[in-house]
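Geometric and topological summary
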Amino acid sequence: MKLLVTFSRREGRRPIIAQVVKDTGVLINVVRAVIDSHEGEALIDIPDDQCEIVRKRMADLGATVRILEHAIILDEEECVDCGACISICSQEVFSFDAAWKIVVNSVRCVLCGHCVTACPHGALTQSEET
Amino acid sequence: MILPTVISERYKYPLIDIENMDKPIDVIHERIRDGNARVVTADQMPAIVADLGEEGALAEVDVVTTGTFGAMCSSGAFFNFGHSDPPIRMERIWLNDVEAYGGIAAVDAYLGATEQSTTRGITYGGAHVLEDLVGGKSVDLRAISKGTDCYPRRTLTTEVSLETINEAVMCNPRNAYQRYNAAVNTGDRVIHTYMGTLLPNCGNVTYSGAGVLNPLSNDPELLAIGPGVPCLLGGAVGMVVGEGTQHSPSRGFSTLMLTGNLKEMSQEYLRAAIMHGYGTTLYLGVGVPIPVTNLAAVRSTAVRDEDITVDVVDYGIPSRGRPTLRTATYADLRSGVLTLKGEEVRTSSLSSFRRAHQVADRLRDLVLQGEVPLRAPARRLALTRGAKPLQETTHAPRVREIMDRKIVAVREDDEIKSAAAQLLKGEINHLPVLDPEGKLVGIVTTYDISKAVVNPAKGPLVRHIMKQRVITTTADEPVDIAVRKLERYNISALPVIDNDRHIIGMLTAMDLGKLFGGRWLK
Ligand code: SF4
Ligand code: SF4
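Residues numbered from 1 in each chain as written. Chains lettered and ligands numbered in written order. Predicted model: local features only at pLDDT ≥ 70, side-chain atom pairs only at ≥ 80, totals over all residues. Heavy atoms only, no water.

1. Structural notes on the sheet that holds strand S1 (residues 2-8) of chain A
Residue and element names in this part refer to chain A. Taken in spatial order, the four strands make up an open sheet running S2-S3-S1-S4, and their pairing is antiparallel. In this open sheet, the two strands that pair with only one neighbour each are strand S2 (29-35) and strand S4 (64-68). For this sheet, the mean inter-axis angle between neighbouring strands, taken without regard to orientation, is 15°. Note that S2 and strand S3 (residues 39-45) share six bridges and pair antiparallel. Bridge pairing in S3 links isoleucine 35 to glycine 40. On top of the sheet, helix H2 (residues 51-60) reaches S1, S3 and S4; it is set at about 155° to S4, its chief contact. (Pairing = 2+ DSSP bridges. Helix = DSSP H or I, 4+ residues; strand = E, 2+ residues; numbered from the N terminus. Axes fitted to C-alpha atoms, helices over the stretch in contact; angles between N-to-C directions. Contact = heavy atoms within 4.5 Å.)

Next up, the structure:
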């Protein structure tokens, strides 16, 4: 399961993710992180059954946590199965099936957003939290 | 139509008359009418020919249907809106704020797919208007006019839909490229092109076209496809008008001009699209049926993806002579990876192979239902045209578009003092010098004049101090080339001259500012 963690860095430079790993013992896979001087945002991947404990600990440490269900959403009505998205995505989220229909394996998505602009038909959107 | 039965007989028993194997289209029509026709999609032909041999395939297959579904920028539609009361001679026309060309009669217009909305920019264009109309929506029609005695009205605002207007005829100057070069980017930044998003350092390859299903790839000799031949356009049965623009059969890049009734089209085969950072375009389904009348048709429709080769072109180099990194067949491209400079690079199609199949399938069904009036071309399409290199669709700005048309100049016999006054008055640094006939003979700069003031030894007149060797440009010259002149000679202004050396403008570094702030360079 993917969580989007946003934290302010004003309360010192606590290594929040490391702290949560230490406190909970859950191994956190950091998929993507953007951190500047006063704010940080990290996309992390954790086992589904440990989501709650990680989420709680993060919240205790002052972070905002959003669960991302389907990272990238395909609008079947708009999609024409061209495949322009395939080579744009570094995570190989997109592929063709045997009938040349596009298949989305959104579990691998890291929400970089490249495919959203590259799709000529506006068929891809990034999901909001659930 | 009454046909000599002997002909039909002959095709029940193939190989009777090898000398005269031609199967007239009338015979094919008869088979269709009788329900005996065999119509297949182009991707099936290679296996059929391998199985039955060429003669066997000729006897067996009556029509091969082709199909492609991809970005076809050179598309649009003619409209006739009908007359309002009081009537207006529409001079400028907008449909949902997308301008249509109104310079044809009073209530006719042509809307191009790539025209952008004046209010929504790149997110909505002519292609979107076409899709909205085909989808049954109403669009806002706005028109203005000077007003004439017979057409007194000056403005008009109303809603129109395909049901309410007289005609909506799609007429596309260039569709259905025989094949299209694949694109890659060796540069170090992401670029956005009509070939889609190209990642830096050869991060991906994009390509277009349906290969084995492409109409013109199945008839490269242009024996079956030509004027008057039916086609499937946007889901409706339309017609081939003739060669498309940029038709280059000698290089294997034939194109078609197509027409069809927009009112009969469907969104399934007509979709607006946005090439990020480039513009709007129209995705269209196009298919052409190829009657299998002779062995030549059998051979040409037996083409496979493996047989169709394109160049993989570097779009990272922004010139017309884009280098080719390698060649690749549609089979290579469709495999999903291509080896470039020793590395595996993933490929993306911009056109939909799945929908191309749907086009060919639908065309097959329509042919079998007798809905498609098969016929031979009224004439053969040009076979030898097009030695010119393929023109890119991006617009290279010309000097005329940004030059300063306000000219401040002096005569060669003017006094230096008056030249100085001109420079001050015009707030400029360069003064072109003209002879009595108005032809450019020299140039003086603020620097030349200051020097003359400090050291007046050379003489009192402009011609005593002017530079006679003037670097010039012309109105038609691409700005990029003019810029290179400025850089090469380390100067900051270029007089713009016509063929007679008459000055028609000035290009200065300041004018270039318009360009960098404008739409050409981002
Ligand atoms: S690029 Fe867009 S339209 Fe094309 S296959 Fe991907 S999601 Fe579908
Ligand atoms: S957002 Fe990025 S990672 Fe996710 S599918 Fe799109 S390109 Fe791939």
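2. Thoughts on the packing of aromatic side chains
Residues and elements named next belong to chain B. Scanning the entire structure with this criterion turns up nine aromatic pairs over all chains. Ring plane angle 10° and centroid distance 5.8 Å describe the contact between phenylalanine 79 and phenylalanine 81, whose orientation is recorded as stacked. With relative accessibility at 10%, the residue phenylalanine 81 sits in the buried group. Consider the rings of tyrosine 207 and tyrosine 330, whose centres lie 6.3 Å apart with planes at 70°: the pair is edge-to-face. Residue tyrosine 207 is located in strand S16 (residues 205-207), and its partner tyrosine 330 is located in helix H6 (residues 330-334); the two are separated by 123 residues in the primary sequence. (Phe/Tyr/Trp six-rings, centres within 6.5 Å; stacked < 30°, edge-to-face > 60°. Buried < 20%, exposed > 50% of the residue type's maximum accessible area, 1.4 Å probe, protein only.)

3. Considering the layout of surface pockets
Residues and elements named next belong to chain B. Roughly 400 Å³ of internal volume is contained in the second largest pocket. Together, 16 residues line the second largest pocket, and Asp404, Glu427, Ile428, Asn429 and Thr508 are the ones closest to its centre. When residues of the lining of the second largest pocket are traced back to their parent elements, those giving at least two are strand S28 (430-434), strand S31 (503-508) and helix H13 (509-517). Residue contributions to the lining of the second largest pocket peak at three residues, all from H13. Grouping the constituent residues of the lining of the second largest pocket by class yields seven nonpolar, five polar and four charged. (1 Å grid on protein atoms, 1.4 Å probe; cavity = no way out; pocket = protein on both sides within 12 Å on 5 of 7 lines; lining within 4 Å. Points joined across faces, edges and corners; volume = space filled by probe spheres on them. Nonpolar A, V, L, I, M, F, W, Y, C, P; charged D, E, K, R; others polar.)

4. Describing the nonpolar core
Here is a general trend for soluble globular proteins: nonpolar side chains tend to be buried in one another's company. All names here are of chain B. Within the largest apolar cluster, 52 residues are counted, with the highest numbers of intra-cluster contacts made by Phe79 and Leu262. By residue number, the principal contributor to this core is helix H4 (residues 126-134), which donates five residues. Counting residues domain by domain, this core receives three or more from each of domain 1 (64-73 + 170-368) and domain 2 (82-165). Discounting residues that sit within four places of it in the chain, phenylalanine 79 has contacts with Leu95, Val107, Asp108, Ala109, Leu111, Leu130, Leu133, Ile165, Glu167, Ala168 and Leu262. If you look at the next biggest cluster of nonpolar residues, it comprises 20 residues, including Val61, Val298, Ala302 and Ala360. (Core = buried A, V, L, I, M, F, W, Y, C linked by side-chain atoms within 4.5 Å. Domains from an automatic or database assignment.)

5. So, the sheet that holds strand S22 (residues 289-291) of chain B
All names here are of chain B. One open sheet holds the three strands; their spatial order is S1-S2-S22, and the pairing between them is mixed. Edge positions in the sheet fall to strand S1 (39-41) and S22, since each has one partner strand and no second. Averaged over all neighbouring strand pairs, the angle between strand axes comes to 25°, with direction disregarded. In terms of strand pairing, strand S2 (residues 63-65) meets S22 through three bridges, oriented antiparallel. Residue pairing in the sheet places valine 64 in a bridge with isoleucine 290 of S22.

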